[in-house]
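The primary structure of each chain is shown beneath.
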Amino acid sequence: RERLVEDFFANPTGNLISVKCSPYHLDDRAIILGDAAHAMVPFYGQGMNCGFEDCLVFYNLLHEYGDDIRGALEAYSAKRHDDATAICDLAMYNYIEMRSLVNSRVFHARKKLDSFLHSLMPQTFIPLYSMVTFSQIPYHTVVQRRRRQDKMVWLGVVGSSVLLASGLGFLLFKHSDNIPQATSALSIHLSEIFSH
């Protein structure tokens with residue numbers, strides 16, 4: 001136990017960083033993959049997965065370009081940059097989500113709405129976490145798709161609110177002759193409650 005405490009205080013903690021760089025190659029001589037190219041904070045748990053993806057993409061490009069190593073390396077840098085940047089940003093967003101949004105009622109309502117919409121349209125509407133963690137959708141496409149889904153949800157909320165307000169306005173207009181009586185009765189009732 002003493003050794004554990006001693007080791008804990010003797011070893012300084014490191015900072016969490018994100019690395020976003022480009023290109024990932026040097027001429028036709030070298031390439032960087034995984035954390036060397038795009039280190040990310042650990043809050044999505046996608047670092048190793050993204051590194052394996054790098055290997056698969058590079059492997060496929062080597063086969064596609066054959067003896068043209070320089071072409072394969074340039075294509076790799078071009079192909080992976082958007083996805084690597086996107087997952088670094090997604091990992092940082094997930095940290096913010098876990099740090100401060102999980103206690104928000106609006107956040108929980110949105111999660112429930114996302115799940116509901118996914119149950120209605122499983123191929124069209126996929127929650128962000130599911131797209132990142134349980135699909136093979138490229139990371140940059142996940143970001144684009146989430147933006148489209150956010151717009152859909154926002155338009156749905158605004159549209160529903162406008163319809164509700166219009167419906168209430170219509171009902172008030174239709175029954176406007178009863179409003180003074182209802183307001184008067186409510187005032188009397190409230191004054192009785194607060195006078196006791």
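Asker: What's the story with the packing of helix H3 (residues 47-65) against helix H4 (residues 69-101) in this structure? I'm lost.
Answerer: Direction vectors running N to C along H3 and H4 enclose 150°, while the axes themselves pass 9 Å from each other. With respect to H4, the element H3 is oriented roughly antiparallel. Between H3 and H4 lies a crossing of right-handed hand. The residues of H4 that touch H3, namely those facing Cys50, Glu53, Asp54, Val57, Phe58, Leu61, Leu62 and Tyr65, are Ile69, Gly71, Ala72, Leu73, Ala75, Tyr76, Lys79, Arg80 and Ile87. A per-class count over the contact of H3 with H4 returns 12 nonpolar, one polar and four charged.

Asker: What is the right way to read unusual backbone geometry from this model?
Answerer: The phi angle of most residues is negative, glycine excepted, and most peptide bonds adopt the trans form. With an omega dihedral of 0°, the bond running from serine 22 to proline 23 counts as a cis peptide bond. Along the polypeptide, proline 23 turns up in the loop between helix H1 (2-10) and strand E1 (25-26).

Asker: Help me understand the nonpolar core in this model?
Answerer: The nonpolar side chains of soluble globular proteins are, as a tendency, buried together. Counting 17 residues, the largest nonpolar core has Ile87, Leu90, Leu128, Val132, Tyr139 and Val142 as the members making the most contacts within it. Per element, the largest residue contribution to this core is five residues, and it comes from H4. Residue contacts for valine 132: discarding those within four places in its chain leaves Tyr44, Gln46, Ile87, Leu90, Tyr139 and Val142.

Analysis parameters
Residues numbered from 1 in each chain as written. Predicted model: local features only at pLDDT ≥ 70, side-chain atom pairs only at ≥ 80, totals over all residues. Heavy atoms only, no water. Axes fitted to C-alpha atoms, helices over the stretch in contact; angles between N-to-C directions. Helix = DSSP H or I, 4+ residues; strand = E, 2+ residues; numbered from the N terminus. Parallel < 35°, antiparallel > 145°, perpendicular 65-115°, else oblique. Left-handed = near helix turned anticlockwise from the far one by under 90°. Contact = heavy atoms within 4.5 Å. Nonpolar A, V, L, I, M, F, W, Y, C, P; charged D, E, K, R; others polar. Core = buried A, V, L, I, M, F, W, Y, C linked by side-chain atoms within 4.5 Å. Buried < 20%, exposed > 50% of the residue type's maximum accessible area, 1.4 Å probe, protein only.

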